[in-house]
Structures are given as structure tokens and as C-alpha cells.
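Topology and contacts: notes
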Amino acid sequence: MKPILLQGHERSLTQIKYNREGDLLFSVAKDQFANVWYSVNGERLGTYNGHSGAVWCVDVDWDTKNVLTGSADNSCRLWDCETGKQLAMLETNSAVRTCGFDFSGNIIMFSTDKQMGYQCYLNYFDLRDPQQIEDNQPYLSIPCSESKITSAVWGPLGEFVVAGHENGEINQFSAKSGEIVKKIKEHTKQINDIQTSVDLTMFITASKDCAAKMFDTTSLDHIKSFKTERPVNSAAISPNMEHVVMGGGQEAMEVTTTSTRIGKFEARFFHAAYEEEFGRVKGHFGPINCVAFHPDGKSYSSGGEDGYVRIHYFDPQYFDFELEA
Amino acid sequence: MPSNEYDDSKPSWADQVEEEGDEGTLPSPKETVKGNIKTVTEYKIDEDDKKFKIIRTFKIENRKASKAVARRKNWKKFGNSEFDPPGPNVATTTVSDDVYMTFISSKEDLNAQDQDEDPMSKLKGQKIVSCRICKGDHWTTRCPYKDTLGPMQKELAEQLGLSTGDKEKATEPEPAQPVQSKTGKYIPPSLRDGGTRRGESMQPNRRADDNATIRVTNLSEDTRETDLQELFRPFGSISRIYLAKDKNTGQSKGFAFISFHRREDAARAIAGVSGFGYDHLILNVEWAKTLPKKRYVSGKP
């Protein structure tokens, strides 16, 4: 396969996300511009300009109208997807680490870092109520005293948010009452990324403790584990195959002292059921920070510490390959 | 500008010379669509006042998409891409080199082991191997009486005026062992002596070769085998030159292996050529390392 190389960022990527149909790919990095690309040919549709710090997270609602970005400039911004105009800016006391639209696109959540004497908060806004945006008053704000949230996604039907913490805990925060519905601790270190399956019934966590784990979204039952020998930065579940892709590599601070060959900068494919690795794709010059499957499962993208996004359309061999157990 | 007049017909050779003649002005970019192939020709001047003609070919593909997606395809570009022309901008979007998914199959490894073991177990019953010292069912070198019986037999042989033992000691004893088939049945080559170890007969030679092999890196793309021959011949006789070349373009990939007949020659070549400036690049010469067995089998050759 010939990957399409997207060079829209000057610094390392932090998150990439496809919209629901998969025709657009959103990418954010530690520079200040969120980018949106046509996934089919890698053409850049535009950039969302306005942030003045590293952008940590991006999300798009189900009908690709609005885009949400959270940044280290202490703001979470809402954009018009088509024109790139800023619709709203929600200021916070500390950096915004994760953000997301719920299933309806009406309610947004974002979490802030524990930083500069401020606590980590998980905030819920209802976009249907303009007053909340105007006053910058979330209808629900949950303080997380123990350990900050490092990644979060919405659960099914917009009932709760699944949040991964710096200490490896996973919590379900109700979007109505704000209480913790369920709590587990299956990882020993920071959870770098959480991504759901297409139907939101499962999610996969990528952790610094060198493993990715699959859980049931509602019950938080541990289903599968995928072990590697390097910290996992991101993991995604294939929508049409029983596959999981994982991106990682050693820590960014050690990258300059190791060569690409031993750095293990490949994207690694695991069989979801057998928990066995069956393939690798090379390409990045640094650790992979984020991976995402196209909603049709025929391509996937990865964003790396090297500042590039690579869109890979799978070869036929990938679909023919069967793991013999 | 002359090029405008000749936009739709091919400019003649004379006109092209004329175009190149007038400094500063550049022919306007051209775009032609032929079937589903679009060709864009652009002209550019770089810092050194050199003119470039850039020809890019695009394949036009028609895809069916849902209404929402099709509508989004017509959105106007915004932000930093606001003034980009339609289509991917080469500044932000490029097609990178081919990569393949390397498939890992644990089953494959297991199979290979099975095959290795199978013929061995067959051999056990047939007594193909016979020890020269005690006539037992094992290799001579593995003989438990090697230290006691062996020297005695050698002395005996020396006394008799035969030097067979010495000769065999000098060469590798294992592959020199002749096939001794007691049963007299036909044995396929794969089951014959040494057949279990693939290509073993070639191995000692290879190894001797590798010992006197050096690896040259940081060669320029234009390097040819003859260049290397010229460069390394002064150090000693060369048995083999391998220059890694690109399959499609035939250009050098920037490294080569050179095997000498003698290791000393190779050592002198390393000392002599390492750090040597060759074709605007500084060569790096070192001993070739034998690669460890590859674990991953690539999806495509």
C-alpha cells in the first residue's frame, strides 16, 4: 500500500478522528491548528485557527456540523465544520485534555488537567441552552480529586462518559447526576487513549503499562488484553474485522537516542479474539501517538510524534489473511 | 508570451528553444485531461536560475458516495488552505513510499520446526550414520570414545603408514562423512547424509567468504559495480561485489558488499577507504555483519 502522507502539522500529533461517514479526517497536534482532510485523497479541506496552544483533543458530531477542540491554552472551542468559523469558546482554568460530543450531538463534555493549583474537572454542557455557553456555566461539573483524566469517550445513548485516569483507573461518570456509576482498575499506569467500537458496546484502552485492553462499555467487564513491550499510545478496534490496531513506541523523550529500527515505531495489528499479533506496518520516524480506523474498515490512519499523519489503504492481502490458531 | 498561442497544439522544437531563451518569463501552466488521466505541466525557476518543467499525472476516479458526503466534497476550503487550488496541495499532501504489512504467523514457524524434526526421526531407525571410531550410530565427532579410542586408532594408522585420519581432521569432519547405506535401498537426496541441514555444503564456503567481506555505505546513487571494482582492486583480489540496486530504476541504493579472497586485504581496504571522499560523499566502510535469522516474513517479496 502507498500511504498518503499529510504534512499539516509542525509538531507531534495528539489525536486524529474520522467523522461518521469517514470522508473527513480531523487531526490535532501540539501546534495550534486543527486540520481537516478529505480521507479519500488526502486533500486538506481547511484548518481551524484560533487556539494559542497545543491542541490535545478533537471531536466531531454525528452529522459533521460542529467540531470541538480542547487545547492547552485553557479553552475548549466549538467550530463550524464547513467554514472553520469559531462558534463558541469555553474558557477554563487549566488545559483541556479530552472532549467529546455525545451521540445526539447536543451535549458536550470535556475534562481539564490538574494544573497550576486547579483540580481536574469533567464538565458537561448542553448546546441547546445558549445561556450555558454564554455564561460559561456547565450544567454539570465533576471534580476528580485523586487522579486526573487522561482520556475519555462517551458511552452509548449519552448516559455516561468512560474516563481513563492517570493512575490506570477507568470510571463511568453519569451525564445526569455526575456520580461515578462504575469503577475498575485494570491498568497499572496512565491510560493514554480510549476508543470505542462502532456500535459503542466495547471500548479499547491504550496504556503506558505496555498493554491495551478491551472492555464492555456498560458493565466494564474486562474482555481481552493485548500485550506489547512498549508503552501503547493509542489503540483502535476495526469496524469490520476482528482486528485491533495499536500504536506506540518508546517514550518521546527517549526517541532521539534510539534508531528507528529498534524503536518499534510500527503500527501493530492484533487479532481481537486470539489476542495475538499478526501484522505490522512501518513508516513513522517516531512513536505513533494516535491511530484511527476508517468507519468502513478499509483504511486506517496513524499520527506520529514525527508530525505526520499517514492514511493507509489496506492491500487485498490484509483482508485475505487469516490467523491460524 | 509565445506559449499562449500554442496552448492547444504541441509547440515545436524551435519554439521551445525560444521559450527557454527569454529570461524571466515562464510558460503558463498547462492542464490536459485525457480519459481519466489528468496531466498538469508547470514551469519553475529555482534559486540558481535553473528552469524546471514539472509534469504531474493524476488519475481521475469516480466514486459513489452518500448525499452528505458528496455535499461535503464541494465545501470551500478555509483556514490555512483557503487559497489552495482544488485537489491535493503538494505542500501538505504527498504519497509516500510503498509499505507492506509484514505478517507474523506463529503457525509458520511451528511448521518449519516440524519439517526439521521429521526426517531426523526417520534417520534414527535406518542407521545412515556410522562412527569411524567405534562403528556406532552417531557422528564421529560425537563419539563417546573419541578421546580414548580415536588417538589410538590414529597411532595405529600412522604406524601403518596411512595418514587418512590426519587428512580428515584438516577438513571439516562432518560433511566429509560418506553416505553409508547398509540397507542398500534408494535414499532420496533430502534424506541422505547432510540433507537434513539445508544447504550445509555451501555454508563453510560462505562463511569464509563473509569473513573477508566488507560493507560499504553512503555510496552515491550513480555508483556502478565497475566503480567499486576500480576503487577496491588495489587492496587485493576481489571474489565478489554486490551492489544493492533499486529494482525499478537500477540506481544504487547506497550500499555494497565486497568480498575479498583474503581477510588481510579486506582489513586494508577498510583502513584505506573508510572516510574516503567519493563522488561528493564520504564513504563508510566496515566489516559486513552476518545477519541474524529473520523472524518476520514479509507479505510480499
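Counting restarts for each chain: residues are numbered from 1 in the order of the written sequence. Labels are handed out in written order, letters beginning with A for the chains and numbers beginning with 1 for the ligands. Only residues with pLDDT of at least 70 are given local features in this predicted model, and only at 80 or more are side-chain atom pairs given and counted; all residues enter the totals for whole chains, interfaces and linings. No hydrogens and no water enter the side-chain calculation; it runs on all heavy atoms of the structure.

1. Details of the interface of chain B and chain A
- In this assembly, 37 residues from chain B lie in contact with 48 residues from chain A.
- Buried area is understood as the total, over both parts, of accessible area removed when two parts are fitted together, assessed with a 1.4 Å probe. For the pair chain B and chain A, the summed buried area comes to about 3,600 Å², and 53% of that belongs to carbon and sulfur atoms.
- When the buried area of chain B at its contact with chain A is split by residue, B:Trp75, B:Phe78 and B:Met101 rank highest and sum to 20% of it.
- Put simply, a salt bridge is a Lys or Arg side-chain nitrogen that is within 4 Å of an Asp or Glu carboxyl oxygen. Applying the counting rule to chain B against chain A returns five salt bridges.
- Linking A:Asp23 and B:Arg72 is a salt bridge whose minimum nitrogen-to-oxygen distance equals 2.8 Å.
- Pairs of N or O atoms within 3.5 Å make up the polar contacts considered here, provided that, within protein, one atom can donate a hydrogen while the other can accept it, and that residues adjacent in sequence are counted only when both atoms are side-chain atoms. Summed over the shared surface of chain B and chain A, the result is 21 residue pairs in polar contact (both at pLDDT 80 or more).
- Numbering goes from the N terminus for both helices and strands, where a helix is a DSSP run of H or I of at least four residues and a strand is a run of E of at least two. Taken together, the elements giving at least two residues each to the side of chain B that touches chain A come down to helix 3 (67-73), strand 4 (93-95), strand 5 (102-103) and helix 4 (106-126) of chain B. Residues are treated as being in contact if the distance between any of their heavy atoms lies within 4.5 Å.

2. Thoughts on the UniProt feature "repeat: WD" (unreviewed entry) in chain A
- UniProt records the feature "repeat: WD" (unreviewed entry) at residues 6-47, 48-89 and 281-311 of chain A, using the numbering of this structure.
- Secondary structure across residues 281-311 of chain A divides into 0% helix and 52% strand, with the first and last C-alpha atoms of the span separated by 12 Å. UniProt positions are given in the numbering used here, feature names are shortened, and annotations may be inferred rather than shown by experiment.

3. Some thoughts on the nonpolar core
- Here, nonpolar core means buried Ala, Val, Leu, Ile, Met, Phe, Trp, Tyr and Cys residues that are tied together by side-chain atoms lying within 4.5 Å of each other. Burial here depends on accessible area, computed with a 1.4 Å probe over protein chains only, as a share of the maximum for the residue type. Under 20% is buried, over 50% is exposed, and the range in between is partly exposed. If you look at the biggest cluster of nonpolar residues, it comprises 19 residues, and the most contacted ones within it are B:Ile214, B:Phe232 and B:Phe260.
- Within the residue set of this core, elements represented by two or more residues are strand 6 (213-217), helix 9 (225-232), strand 8 (252-260) and helix 10 (263-273) of chain B.
- With sequence-adjacent residues up to four places away left out, B:Phe232 is seen in contact with B:Ile214, B:Val216, B:Ile238, B:Ile258, B:Phe260, B:Ala269 and B:Val273.
- Counting 18 residues, the second largest nonpolar core, distinct from the first, contains A:Met1, A:Phe321, A:Leu323 and B:Met101.

4. Remarks on the pattern of salt bridges
- A full pass over the atoms with the stated rule returns 25 salt bridges over all chains.
- Residue A:Lys2 is joined to B:Asp98 by a salt bridge in which the shortest nitrogen-to-oxygen separation is 3.8 Å. In this pair, A:Lys2 sits in the segment before strand 1 (4-6) while B:Asp98 sits in the loop between strand 4 and strand 5, so the two residues belong to two different chains.
- According to the relative accessible area criterion, A:Lys2 is partly exposed, its value standing at 49%.
- The network of salt bridges with shared partners includes A:Glu229, A:Glu266, A:Arg268, A:Glu277 and A:Arg280.

5. Comments concerning the pairing of strand 9 (residues 86-91) of chain A
- A pair of strands counts as paired when DSSP detects no fewer than two bridges linking them. Bridge count for strand 8 (residues 75-80) of chain A against strand 9 of chain A is five bridges, and the pairing is antiparallel. The residue of strand 9 of chain A that forms the bridge with A:Cys76 is A:Leu90.

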